[in-house]
Amino acid sequence: MTAHGGQFFSAAQQLGWSTEHALDQLLDFSASLNPLQPDFDLNINPALLMHYPPEQANPLQQLLAEKLQLHTEQIRLTNGISAAIFDFFNWLRPKQTLLYSPLYGEYARAAKLFSPHTQLIRRDLDTNSLVFPSQLNADSLVVLVNPATPDGRRYPRTQLIALLQHCQAHQSWLCIDESFLPFIGWQTEHSLRDQLAHYPKLIIFQSLTKYYGCAGIRIGAILAHPTQLENWPQATWPIATLDSLLMTQALQQANFDARTQAWLKQDKQDLITQLSDCRLIEKIYPSEANFILLKLHTPAQPLAEYLARQGLLIRACDNFGFNQPHIRLAVKTPAAHQRLATALDNYPC
Ligand SMILES: Cc1ncc(COP(=O)(O)O)c(C=O)c1O
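No experiment lies behind these values; they were computed from the predicted model shown. (Residues numbered from 1 in each chain as written. Predicted model: local features only at pLDDT ≥ 70, side-chain atom pairs only at ≥ 80, totals over all residues. Heavy atoms only, no water.)

A. Examining the layout of surface pockets more closely. In this structure, the largest pocket encloses a volume near 1,400 Å³. Contributions of two or more residues to the lining of the largest pocket are made by helix H1 (8–15), helix H2 (19–25), strand E1 (27–28), helix H4 (81–92), helix H5 (105–114) and helix H8 (241–251). For the lining of the largest pocket, a count of residues per class yields 20 nonpolar, 16 polar and 10 charged. Summarising the domain contributions, the lining of the largest pocket has at least three residues from each of domain 1 (8–38 + 255–345) and domain 2 (52–251). (1 Å grid on protein atoms, 1.4 Å probe; cavity = no way out; pocket = protein on both sides within 12 Å on 5 of 7 lines; lining within 4 Å. Points joined across faces, edges and corners; volume = space filled by probe spheres on them. Helix = DSSP H or I, 4+ residues; strand = E, 2+ residues; numbered from the N terminus. Nonpolar A, V, L, I, M, F, W, Y, C, P; charged D, E, K, R; others polar. Domains from an automatic or database assignment.)

Have a look at this one:
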């Protein structure tokens with residue numbers, strides 16, 4: 001079993017499909033990417049590639065600062081958030097790491113490598129409230145993904161502020177991964193971004209690949225106090241010129257936010273409706289993000305394998321620590337949902 005979603009190209013290879021055929025026929029519900037990809041213009045002057053890129057892809061950083069209502073000094077572009085997670089843990093080497101789980105698996109992997117004591121704080125998936133860890137200190141790091149994966153629950157700002165104050169009282173680090181927050185909205189009111197100026201031990205990770213439907217472009221943003229970013233461990237020229245040009249195009253796309261909001265509202269409901277009569281599903285969890293978590297009556301991994309043979313990739317959630325089978329599905333388009341629903345109906349069990 002793969003430890004994470006987004007195995008598009010290896011799945012195509014296993015099916016013996018050409019890349020062109022896979023791009024046309026293979027549906028990836030396992031990586032929660034916006035299917036409304038921006039229009040990318042790949043007509044780029046090759047002479048641009050002769051030179052090393054600017055240290056911080058400046059036009060992009062400026063655009064992002066406006067979008068996030070931050071100063072550019074509070075933003076550090078990185079070669080994707082997955083890489084930033086490892087850089088951060090490697091740099092901080094927290095003596096104690098507390099992970100609100102279930103969560104994106106890379107945090108547990110990084111903690112295992114770089115932190116001697118890791119504790120999981122199991123989130124109750126049926127409530128909005130978080131249990132706050134006791135016995136924190138200045139060497140502790142607390143991590144929360146909001147909206148959370150794999151369930152899509154969004155923790156309200158009151159909870160986040162209370163958690164921040166709790167960490168502040170113990171001088172602990174707090175890392176919030178807001179990678180899926182743009183699907184709810186870019187407004188500051190959903191985020192802890194406005195607290196960055198007040199607490200230098202607050203770090204926010206903002207992936208851009210999900211929202212702009214472009215996981216092949218490796219750019220994300222680390223948001224933190226400028227003093228922290230001055231010391232951030234990073235190789236020179238972290239962002240490729242092509243990546244920054246394409247991501248800049250994505251951020252400049254007219255109406256992309258409005259189109260995404262309209263798509264998500266309508267097509268998330270379509271997915272839920274199409275699955276509502278499925279005999280394999282015990283429960284659909286409420287989600288505010290662009291994916292949904294399902295509890296099943298049948299083991300997840302054999303189902304994932306059956307669907308993969310039909311060109312449908314889903315995320316079996318066996319390694320998220322559930323004691324019953326769960327899967328996660330990205331919201332896509334009605335035609336894609338229909339194909340999935342039909343395959344689920346035909347599952348021989
Ligand atoms: C919560 C969360 N953060 C970060 C990432 C990685 O993002 P990136 O594509 O920027 O590496 C993922 C990818 O699935 C994710 O689920």
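Having seen the model, we can carry on.
B. Geometry of the sheet that holds strand E13 (residues 326–330). With antiparallel pairing, four strands are arranged side by side in an open sheet as E9-E10-E13-E12. The open sheet has two free edges, formed respectively by strand E9 (281–284) and strand E12 (315–316), since each of these has just one partner strand. In the sheet, strand E10 (residues 291–296) pairs with E13 via five bridges, with the strands oriented antiparallel. Considered in E13, the bridge of Lys295 is made with His326. The strands touched by helix H9 (residues 256–275) within the sheet are E9, E10 and E13, with E10 carrying the most contacts at an inclination of about 15°. (Pairing = 2+ DSSP bridges. Contact = heavy atoms within 4.5 Å. Axes fitted to C-alpha atoms, helices over the stretch in contact; angles between N-to-C directions.)

C. A look at the pairing of strand E7 (residues 202–207). Counted residue by residue, E7 has six buried out of six residues, so it is predominantly covered. The two faces of E7 match: Leu202, Ile204 and Gln206 on one face and Ile203, Phe205 and Ser207 on the other face are all buried. The pairing of strand E6 (residues 173–177) with E7 spans four bridges and is parallel. Bridging across to E7, Leu174 finds its partner in Leu202. The pairing of E7 with strand E8 (residues 220–223) spans four bridges and is antiparallel. When the bridges of E8 are listed, Gln206 appears paired with Ala221. (Buried < 20%, exposed > 50% of the residue type's maximum accessible area, 1.4 Å probe, protein only.)

D. Expanded view of the site of the ligand. Around the ligand, the neighbouring residues are Gly80, Ile81, Ser82, Tyr104, Val145, Asp177, Ser179, Phe180, Ser207, Thr209, Lys210 and Arg218. In this structure, an oxygen atom belonging to the ligand sits 2.8 Å away from a side-chain N or O atom of Ser82. Note that an oxygen atom of the ligand is positioned 3.0 Å from one of the side-chain N or O atoms of Ser207. Within the complex, the protein chains bury 90% of what would otherwise be the 400 Å² of accessible surface of the ligand. When atoms are counted within 2 Å of each cavity's grid points, the one that captures over half of the ligand is the largest pocket. The residue makeup of the shell around the ligand, split by class, is four nonpolar, five polar and three charged. (Near = heavy atom within 4 Å. Polar contact = N/O pair within 3.5 Å; in protein donor to acceptor, adjacent residues only side chain to side chain. Areas by Shrake-Rupley, 256 points an atom, 1.4 Å probe, with all protein chains shown as cover. Sits in = over half its atoms within 2 Å of the grid points.)

E. Layout of the side chain of Gln159. Relative to the helices and strands, Gln159 resides in helix H6 (residues 157–169). A distance of 2.8 Å separates a polar atom in the side chain of Gln159 from the backbone nitrogen of Leu130.

F. How the structure looks around the sheet that holds strand E3 (residues 96–101). A sheet is described by the order of its strands in space; here seven strands give the open sequence E2-E8-E7-E6-E5-E3-E4, paired in mixed fashion. Strands at the two margins of the open sheet, each flanked by one partner only, are strand E2 (75–78) and strand E4 (117–122). The mean inter-strand angle of the sheet, taken between neighbouring strand axes irrespective of direction, is 20°. As paired elements, E3 and strand E5 (residues 140–145) share four bridges and run parallel to each other. Residue Leu99 lies in a different strand from E5, and its bridge partner there is Val143. Here H5 sits on the sheet in contact with E3, E4, E5, E6 and E7, set at roughly 165° to E3. Together, E3, E5, E6 and E7 form the strand contacts of H6, whose direction differs from that of E6 by roughly 155°.

G. Inspection of H5 at higher detail. The set of residues buried in H5 consists of Glu106, Tyr107, Ala110, Ala111 and Phe114. Along the long axis of H5, the arc covered by the buried residues comes to 135°, so they all point the same way. Turned more than 90 degrees from where H5 packs its buried face, Arg109 and Lys112 sit exposed. Those residues of H5 that are buried lie in contact with H4, E3, E4, E5, E6 and E7. (Arc of directions from axis to C-beta.)

H. Fine view of the packing of H4 against H5. H5 packs onto H4 with a crossing angle of 30° between their chain directions and a minimal axis gap of 9 Å. In terms of orientation, H4 lies roughly parallel with respect to H5. Crossing handedness for the pair H4 and H5: right-handed. Contact residues: H4 offers Ile85, Phe86, Phe89 and Asn90, while H5 offers Glu106, Tyr107, Arg109, Ala110, Ala111, Leu113 and Phe114. Counted by class, the contact of H4 with H5 contains eight nonpolar, one polar and two charged residues. (Parallel < 35°, antiparallel > 145°, perpendicular 65-115°, else oblique. Left-handed = near helix turned anticlockwise from the far one by under 90°.)

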